[in-house]
Amino acid sequence: MSSPRTSVSYKKTNGSLAVDKKHLFWTPSTPPGATPTLKVAIADITNLQQTGEASAKVALKVLVKDDSYVFSFTSKDAARKEQVAVTDTLRDAISASKAGAAASLAPAVGTPGAAQNGGGDAGQSAAMAIAKALSAKPQDEGWYDDNRLRSDFQLQRSLLESSKALNDRFTQALRDKPEAVTVPQFTAQFWSTRLHLLRAHAMEKAQKEGEYNVLPEIKYNTIIGADGEPIKTLNMTKEQVSLIFKQYPVVRQAYNETVPKPFADPKIFWSRFFASRLLKKLKGLRIEKNDPTDPALDRYLEYQEASGPASTAHIPHIIDLEGNEQNTKFRLEGDYEMRAGKHDRPILHLLNQMSEKLLSHVAPEDGEAHAPIGMDEGTFEQLQLRDLAMQDTDNRVVLNVREQQRYTGASGEDDLSADARLYAKQDPAKVISSLQDDVQPQHLGSDEQGTLKLDRVLGFHSDDDDEDMDDEPNGTYSNGTSTKKVSNRIGSHAALTGASTSILSSVSQRRRNASTDAHNLKGLSQSVFDTLTITHNTTTEFLHYFWTLFLSGDSSRTAELTGLVSTLDRSLDRINAVGEQAEKERQERLEKMRGQVKEYFQRTGKKRRIDESAVGGGKAVVDEMVRPTVGALRQASEAYRRALEVQTREVAAAGG
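As the structure is a prediction and not an experimental result, all values here were calculated from the model.

What counts and how
- Residues numbered from 1 in each chain as written.
- Predicted model: local features only at pLDDT ≥ 70, side-chain atom pairs only at ≥ 80, totals over all residues.
- Heavy atoms only, no water.
- Helix = DSSP H or I, 4+ residues; strand = E, 2+ residues; numbered from the N terminus.
- Areas by Shrake-Rupley, 256 points an atom, 1.4 Å probe, with all protein chains shown as cover.
- Pairing = 2+ DSSP bridges.
- Axes fitted to C-alpha atoms, helices over the stretch in contact; angles between N-to-C directions.
- Expected span 1.5 Å × (residues − 1).
- Buried < 20%, exposed > 50% of the residue type's maximum accessible area, 1.4 Å probe, protein only.
- Arc of directions from axis to C-beta.
- Contact = heavy atoms within 4.5 Å.
- Phe/Tyr/Trp six-rings, centres within 6.5 Å; stacked < 30°, edge-to-face > 60°.
- Lys NZ or Arg CZ within 6 Å of the ring centre and 35° of its normal.
- Polar contact = N/O pair within 3.5 Å; in protein donor to acceptor, adjacent residues only side chain to side chain.
- pLDDT = per-residue confidence, 0-100.
- Core = buried A, V, L, I, M, F, W, Y, C linked by side-chain atoms within 4.5 Å.
- Parallel < 35°, antiparallel > 145°, perpendicular 65-115°, else oblique.
- Left-handed = near helix turned anticlockwise from the far one by under 90°.
- Nonpolar A, V, L, I, M, F, W, Y, C, P; charged D, E, K, R; others polar.

Trainee: Would you mind showing me how to read the overall build of the chain here?
Mentor: For the chain, the helix and strand inventory stands at 29 helices and eleven strands. Of the roughly 46200 Å² of accessible surface on the chain, a fraction of 53% belongs to carbon and sulfur atoms.

Spelled out as structure tokens, the structure:
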């Protein structure tokens, strides 16, 4: 696979471009018969970018890991056709390279489990299966699929090392697994419910820190020398030097041309560079007359970088300052930002150029990896400004629904509800008169003189009445022979007190249940709580495993299911053991408190009461925490035993 040689310009030097199966070659035109001076491996190419179809210049940008190459096609008549041909050839070469990399994974992917699936594709090679998967789902090329996540043991180990809680859960569950369950079976089941964690961890590991403007980050450090005088030192890392050469090609050129002559040591070059006018220009600062000159570096002040795709692309007039300057007849002196001729501050140009450089080294986030740069016609039409266009005609489809009463439930007579029709039949005068009668004192509980007593209206009871009520069981009045239950009136003092108590109790309980405070252990020690947490996590893991097998209906895994049921029974024993340990700690605290009370009595002769209900912890707290889990265990065991009894009866009936 090779493409014909095309005429291109690279770094303002004319030459020819050629592509074969493994490499991309660029050969300069002069001298004739020269060997290729640029050689790019196809396997190292990460992205391809090209100028839009509306652009006057035709350029192709090849991204290779941390570097990029821009080729401008110089043919007068067939520049666009040559660019398309080279791009298609590169895409085919990249696809072939990826297919070859997938074929190299055939021994690792061809596991015995894959051969057991059977079917029509059982005899095909693993390389063909991978090639079909890549061609069927090109959009998932950069993401892990489920099967790859399940088989990526390095990724699973990395996730366990990064999460202590998940590692403890996996280790404890692996330790307590039944003997009938093998380690591969347990591992496959464990990670089958955590594929989202593996995928998120894979994406997190694939992330890398983006580029930044490195020059402002490099500063001098002042240290005290042996003679007590301050010395300024410049600390630079290899990564910072690489970024400087990548972001500022003029610095790379100056370094290559001045080291080792006239600067014998690179340290001399960097010390001179960070004190030169060239640095101020690259930072966007104004160069003053008093700034020190450096003949070796000042000759690079007029250096012009090669134009890239960002400068060759078509720029719409709405954001093109020079285009506004040329196409408008209006001159607004105060409109500084929109006047290209007024942009004489170097810092503005520097920030724009640096932003273009940083963005040009980033691959597109969305879309196909090798798609051309720019937007298509449909997207352009959607983003086009339409504020001055005439109002569009209404092109909505009118729906005429027949038999609307059948679908809306309307009676056809009117749209009033049943309550509204009922209220419409009432006489307003009679309603107002009835309301006035209801608020009369004789209806609200007045005495014989007609005086309204608010305490009777509200159902308020004094403290004496409350004490009398406490003497009666369940709030009843007794005459010696019979009792009468007192019902609280809505809005009364007793009803409000009861409602407040109920609401506050519910809020307190909900707060305790939803609390994420790690110290809210309800009287349990930290060691007991950690043991209970691990036991609960392990039990939940085995419950998931049990229901997966139980509902699968796979008769070949009956022995594995039987072992899981015995493991669930042992989980109850483990929970009870934790409860006994918690109760033992609670009794030890109570014994300690009793000893303190006894010592206090011997010392002072005064007795103290111990409120044992205030001492938290114990088996009751453990049972309360794991009550839903214990119920799930019992339900799983009962479901298994019922199914076992049904199958046993069916087998007995078939044998008889």
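Trainee: Teacher, can you tell me more about the sheet that holds strand β6 (residues 59-64) here?
Mentor: Pairing between sheet strands relies on hydrogen bonds along the backbone, with the strands arranged either parallel or antiparallel. Ordered by their spatial adjacency, seven strands build an open sheet running β4-β3-β2-β1-β7-β6-β5, and the pairing between neighbours is antiparallel. Strand pairing shows two members of the sheet lacking a second neighbour, β4 (38-41) and β5 (45-50), which therefore form its edges. Averaged over all pairs of adjacent strands, the angle between their axes in this sheet comes to 30 degrees, without regard to strand direction. Taken together, the five bridges between strand β1 (residues 6-10) and strand β2 (residues 13-19) define a ladder with antiparallel strand orientation.

Trainee: Is there a simple way to think about helix α9 (residues 195-206) in this case?
Mentor: With twelve residues, α9 should cover 16 Å at 1.5 Å per step; its first-to-last C-alpha distance of 16 Å lies within 8% of that length. Of the positions making up α9, those classed as buried are Leu 195, Leu 198, His 201 and Ala 202. One side of α9 holds all its buried residues, which, seen down the axis, span an arc of 125 degrees. Every exposed residue of α9 that faces more than 90 degrees away from the buried side is listed here: His 196 and Glu 204. Looking at the buried side of α9, the elements it contacts are α5 (146-151), α6 (153-162) and α8 (183-192).

Trainee: Can you walk me through the packing of aromatic side chains in this structure?
Mentor: For any two aromatic rings, the description comes down to two numbers: the centre-to-centre distance and the angle of the planes. Per the stated rule, a full pass over the model turns up 21 aromatic pairs. A ring pair is formed by Tyr 10 and Tyr 69, whose centres lie 6.3 Å apart and whose planes are at 50 degrees; its orientation type is tilted. You can see Tyr 10 sitting in strand β1 and its partner Tyr 69 sitting in strand β7 (residues 67-73), a full 59 residues away along the chain. This pair shows no difference in class: Tyr 10 is buried, exactly as Tyr 69 is. Seen from their ring centres, Phe 269 and Phe 273 are 6.2 Å apart, and the 10 degrees between their planes marks the pair as stacked. Of this pair, Phe 269 and Phe 273 both sit in helix α12 (residues 266-273), four residues apart, which is roughly one turn of the helix. Residue Phe 269 is classed as buried on the basis of its relative accessible area, which comes to 0%. Residue classification places Phe 273 among the buried residues on the basis of a relative accessible area of 1%. Grouped by ring-pair contacts, the aromatic residues Phe 245, Tyr 255, Phe 263, Phe 269, Trp 270, Phe 273 and Phe 274 constitute a single cluster. Seen from the ring of Phe 190, Arg 194 lies directly overhead, with NZ or CZ sitting 4.0 Å from the centre.

Trainee: How do you make sense of the side chain of Gln 83 when you look at a structure like this?
Mentor: Within the element layout of this structure, Gln 83 appears in helix α1 (residues 79-103). Here Gln 50 takes part through its side chain, which lies 2.4 Å from a polar atom of the side chain of Gln 83.

Trainee: I'm lost on the pairing of β5 in this one. Help?
Mentor: Side-chain direction in a regular strand flips from residue to residue, so the side chains alternate between the two faces of the sheet. Most of β5 is tucked away: five of the six residues are buried. In this structure, β5 lies alongside β6, joined through five bridges in antiparallel fashion. Pairing of Leu 48 across the sheet is with Val 62, part of β6.

Trainee: Looking at this model, I keep getting lost on the confidence of the model for the chain. Mind explaining?
Mentor: The predicted coordinates of low-pLDDT regions are not to be read in fine detail. The predicted model of the chain averages 75 in pLDDT, with 70% of residues at 70 or higher. Element-level mean pLDDT values for the chain span from 39 in helix α2 (residues 106-109) up to 89 in α6. In the predicted structure, residues 105-142 sits below a pLDDT of 50 and forms twelve contacts with residues beyond four places in sequence or in another chain. Within the model, the stretch residues 308-312 combines pLDDT values under 50 with nine contacts to residues more than four positions away or in other chains.

Trainee: What is the right way to read the nonpolar core from this model?
Mentor: As a rule of thumb, nonpolar side chains are buried together in soluble globular proteins. Grouped together as the largest cluster of nonpolar side chains are 37 residues, with contacts concentrated most on Trp 191, Leu 198, Leu 524, Phe 546 and Leu 568. With residues up to four places along the chain from it excluded, the contact list for Leu 568 reads Phe 542, Leu 543, Phe 546, Leu 633 and Ala 636. Membership of the second largest hydrophobic core comes to 25 residues, among which are Val 214, Tyr 248, Val 259 and Ala 296.

Trainee: Where do I start with the packing of helix α26 (residues 526-552) against helix α27 (residues 558-604) in this structure?
Mentor: Two numbers describe a pair of packed helices, the interaxial angle and the distance between the axes. Packing of α26 against α27 leaves a shortest axis separation of 10 Å and a crossing angle of 165 degrees. Considering the angle they form, α26 stands roughly antiparallel to α27. As α26 runs across α27, the sense of the crossing is left-handed. The residue makeup of the contact of α26 with α27, split by class, is 15 nonpolar, seven polar and three charged.

Trainee: It is not clear to me how the pairing of strand β9 (residues 230-234) should be interpreted in this structure. Could you clarify?
Mentor: Pairing of strand β8 (residues 220-224) with β9 involves five bridges; the strand directions are antiparallel. Residue pairing across strands places Ile 224 opposite Pro 230, the latter belonging to β9. Linking two consecutive strands that pair antiparallel, namely β8 and β9, is a turn of five residues; a positive phi of about 85 degrees is found at Gly 228 within it.

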